[in-house]
Amino acid sequence: MTVIHTERLVLRHARLDDVAAFHAILSNPVAMRWWSSLPHASVEETRTWVEGMMTPDVGYILHPDAWGQGLAREAVGAAIDHVFAERMTDIATADVDPENPGSIRLLERLGFTRTGSAERTWNIGGEWKDSLYFALTRDAWQARLRTAS
Ligand SMILES: CC(C)(COP(=O)(O)OP(=O)(O)OC[C@H]1O[C@@H](n2cnc3c(N)ncnc32)[C@H](O)[C@@H]1OP(=O)(O)O)[C@@H](O)C(=O)NCCC(=O)NCCS
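Everything numeric in this text was worked out from a predicted model, so none of it was measured. (Residues numbered from 1 in each chain as written. Predicted model: local features only at pLDDT ≥ 70, side-chain atom pairs only at ≥ 80, totals over all residues. Heavy atoms only, no water.)

## As for the site of the ligand
Inference 1: The environment of the ligand is formed by 19 residues, the closest being Gly68, Gly70, Asn100, Arg105 and Arg109.
Inference 2: Gly68 places a polar main-chain atom, nitrogen or oxygen, 2.8 Å from an oxygen atom of the ligand.
Inference 3: A distance of 2.8 Å is found between an oxygen atom of the ligand and a side-chain nitrogen or oxygen belonging to Asn100.
Inference 4: Notes on the ligand: free accessible area 930 Å², of which the protein chains cover 76%. (Near = heavy atom within 4 Å. Polar contact = N/O pair within 3.5 Å; in protein donor to acceptor, adjacent residues only side chain to side chain. Areas by Shrake-Rupley, 256 points an atom, 1.4 Å probe, with all protein chains shown as cover.)

Structure (structure tokens):
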């Protein structure tokens, strides 16, 4: 099972004993403002969500107490490094709420570029949300790494 170590973080697969920690984040209305569902109403809902985390998607959500320290950039950057180094895909894509400035800035700082947009893509609790689409190719990521080193 893959474990990724960065300067401040250990990235590993989710486990069922993470449910309480995830629930503290996924039930938080501030953290969930731009997420693809309403805040979780019960620990059982979070348990079902953790059990379903078996697809290759990368998502990121931190408790608001941990925002603004560069942790998402460190974690998502390491995950992208891994995915491209292991040749799991040639392109990483993202679908972001246009009103989510933190996520948009994070993607742009990692080198993602905008590829398009669409209206009324997500219905969250009866409210329609739009999408901005971003992409980053392996070639672009590796070119950035070469420039940075
Ligand atoms: C998006 C999220 C993971 C960012 O986490 P974070 O650890 O605070 O982000 P970082 O500190 O790594 O910041 C990355 C960049 O985004 C910027 N940024 C972060 N939050 C921001 C905000 N609210 N507004 C504007 N810029 C913001 C940072 O300044 C930084 O840019 P810089 O390198 O130019 O200084 C966090 O805000 C979060 O959990 N949000 C709720 C869940 C969510 O919306 N997930 C994404 C769904 S698509």
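Right, picking up where we left off after that structure.
## Focus on the packing of helix α3 (residues 71–85) against helix α5 (residues 138–148)
Inference 1: The interhelical angle for the contact between α3 and α5, taken along N-to-C directions, is 120 degrees, at an axis separation of 11 Å. When the axis of α3 is compared with that of α5, the two are oblique. Both α3 and α5 take part in a crossing whose hand is left-handed. Contacts between α3 and α5 involve Gly77, Ile80, Asp81 and Phe84 on the former and, on the latter, Arg138, Trp141 and Leu145.
Inference 2: Its residues assigned to classes, the contact of α3 with α5 shows four nonpolar, one polar and two charged. (Axes fitted to C-alpha atoms, helices over the stretch in contact; angles between N-to-C directions. Helix = DSSP H or I, 4+ residues; strand = E, 2+ residues; numbered from the N terminus. Parallel < 35°, antiparallel > 145°, perpendicular 65-115°, else oblique. Left-handed = near helix turned anticlockwise from the far one by under 90°. Contact = heavy atoms within 4.5 Å. Nonpolar A, V, L, I, M, F, W, Y, C, P; charged D, E, K, R; others polar.)

## Some words on the pairing of strand β5 (residues 127–137)
Inference 1: Looking at chain direction, strand β3 (residues 91–96) and β5 are connected through six bridges and run antiparallel. Residue pairing across strands places Thr93 opposite Ala135, the latter belonging to β5.
Inference 2: The sheet contact formed by strand β4 (residues 113–124) and β5 spans eight bridges and is antiparallel. Bridge pairing in β5 places Arg114 opposite Phe134.
Inference 3: Between the antiparallel neighbours β4 and β5 lie two residues, among them Gly125 with a positive phi of about 60 degrees. (Pairing = 2+ DSSP bridges.)

## Details of the packing of α3 against helix α4 (residues 101–110)
Inference 1: Where α3 contacts α4, the axes come no closer than 10 Å and their chain directions differ by 50 degrees. Relative to α4, the element α3 is oriented oblique. By crossing handedness, the relation of α3 to α4 is classed as right-handed. Seen from α3, the contacting residues are Ala72, Arg73, Val76, Gly77 and Ile80; seen from α4, they are Leu106, Arg109 and Leu110.
Inference 2: When grouped by side-chain class, the residues that make up the contact of α3 with α4 number five nonpolar, one polar and two charged.

These values are about where atoms sit, not about what they do.
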